[in-house]
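Examination of the molecular architecture
Now for the letters of each chain:
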Amino acid sequence: MTARTDFEPVYAPGDSRGASALIFPFVGQNLLIHPNAELPCAEDVQAWDAPLRTFCFGTLAGRECVLKVWPSERAIPAGLSIGDYRSLWGHWPDGHLAALVRAKQLAVWVLHNLFCGACGQPMTLSPAEIACACPACGYKAYPRISPVAIGLVVKGDEILLARSPHFAPGMYSALAGFVEAGESAEECLCREVQEEAGIKIHNLRYFGSQSWPYPHSLMIGFIADYHSGELLAQKDEIEDLAWFRLDGLPVQPHPGSLARRMIEFARAQAKP
Ligand SMILES: [Zn+2]
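All of the points below concern the structure found in this document.

How each quantity is defined
- Residues numbered from 1 in each chain as written.
- Predicted model: local features only at pLDDT ≥ 70, side-chain atom pairs only at ≥ 80, totals over all residues.
- Helix = DSSP H or I, 4+ residues; strand = E, 2+ residues; numbered from the N terminus.
- Buried ≥ 20, exposed ≤ 12 C-beta atoms within 10 Å, placed from the backbone.
- Contact = placed C-beta atoms within 7 Å.
- Pairing = 2+ DSSP bridges.
- Expected span 1.5 Å × (residues − 1).
- Core = buried A, V, L, I, M, F, W, Y, C linked by C-beta atoms within 7 Å.

Of regular secondary structure, the chain possesses five helices and 15 strands. By principal-axis analysis of the C-alpha atoms, the chain measures approximately 60 × 45 × 30 Å. Taking all 272 residues of the chain together, the buried fraction comes to 32%. For the chain, the proportion of contacts with a sequence separation of at least 24, taken over those separated by at least 6, is 65%.

Moving on, we come to the sheet that holds strand β5 (residues 63–70). Across the sheet, six strands lie side by side as β1-β4-β5-β2-β3-β6; this open sheet has mixed pairing. Sheet topology places β1 (7–13) and β6 (81–82) at the edges, where each strand pairs with a single neighbour. Pairing of strand β3 (residues 30–33) with β6, which is carried by two bridges, proceeds in the antiparallel orientation. The residue bridging isoleucine 33 from the neighbouring strand is serine 81, located in β6.

Right, let's get into helix α4 (residues 185–197). Helix length check: α4, at 13 residues, gives a terminal C-alpha distance of 18 Å against a target of 18 Å (1.5 Å per residue), a fit within 8%. Along α4, the residues that are buried comprise Cys188, Leu189, Cys190, Glu192, Val193, Glu196 and Ala197. Taken from the residues just after α4, glycine 198 is the one with a positive phi, measuring 80°.

This brings us to unusual backbone geometry. Of the consecutive residues tyrosine 214 and proline 215, the connecting peptide bond is found in the cis state with omega at -15°. Counting through the fold element by element, proline 215 comes out in the loop between β13 (200–212) and β14 (217–228). Despite not being glycine, alanine 61 shows a phi value in the positive range, around 50°. Judged by the 13 C-beta atoms lying within 10 Å of it, alanine 61 falls in the partly exposed class.

Of all hydrophobic cores here, the largest spans 34 residues; its most connected members are Ala149, Ile150, Leu152, Val153, Ile159, Ala174 and Met262. Counting only elements with at least two residues in this core, the list comes to β10 (146–155), β11 (158–163), β12 (175–178), α4, β13, β14 and α5 (258–270). With sequence-adjacent residues up to four places away left out, isoleucine 150 is seen in contact with Ala174, Ala176, Met219, Ile220, Gly221, Leu258 and Ala259. With 31 residues, the next largest nonpolar core counts Leu100, Ala103, Leu106 and Val108 among its residues.

Written out as structure tokens, the structure reads:
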């Protein structure tokens, strides 16, 4: 559902070959940026020690995007701070945000695959495909994507929204959960809504998907209809949940989120 941007994913091991390259430096899983939210330039990072991994992961309006990953133990250089994806919404153009989603997921991937999960030997980046490869046993680890089903449940002119304890004050969103082994996205959503809200849903309609860098999720969105049951919030997971009229909604997720787009869609559908 995310609109296409001018970011194009590619994979090319090694450092950039152009002076105009955009550098995405990660210390552990954290992107480093200047206080004005700009990325460090090549000269900024040249003086640092050698990164664990360097490769081109895409192009943005024709400029190479280069990921450089240092270990999490490395000190953050003076004058730089951590740039979080959500805090950069509204500050970065969509193409830069799309690049950051990919960079973050790939940084996590390389950090988790420095050593082979099968035999324990050091891994190397494959020159031919986006994979961490083990020279000793041949095992390959590809970037990990974790699917999450997210659903907006509709009942007449009301929608079901819930609060997790870690949400911003007053904010409510759609229910979501990780797809389990052997489960379809639809089965996952029915199970999650039953577990977290105590109700059954039906008539699931695929809405769209969104890559999400916490830390390597793919949000798969559905609109669904209420079927039966009384609301009962799952303790620990859900702080509060309720049916909200579409003309009286609480604080909503950020406009850049899939959940918000589903809510806006439901509101537009309900208008006479
Ligand atoms: Zn191995």
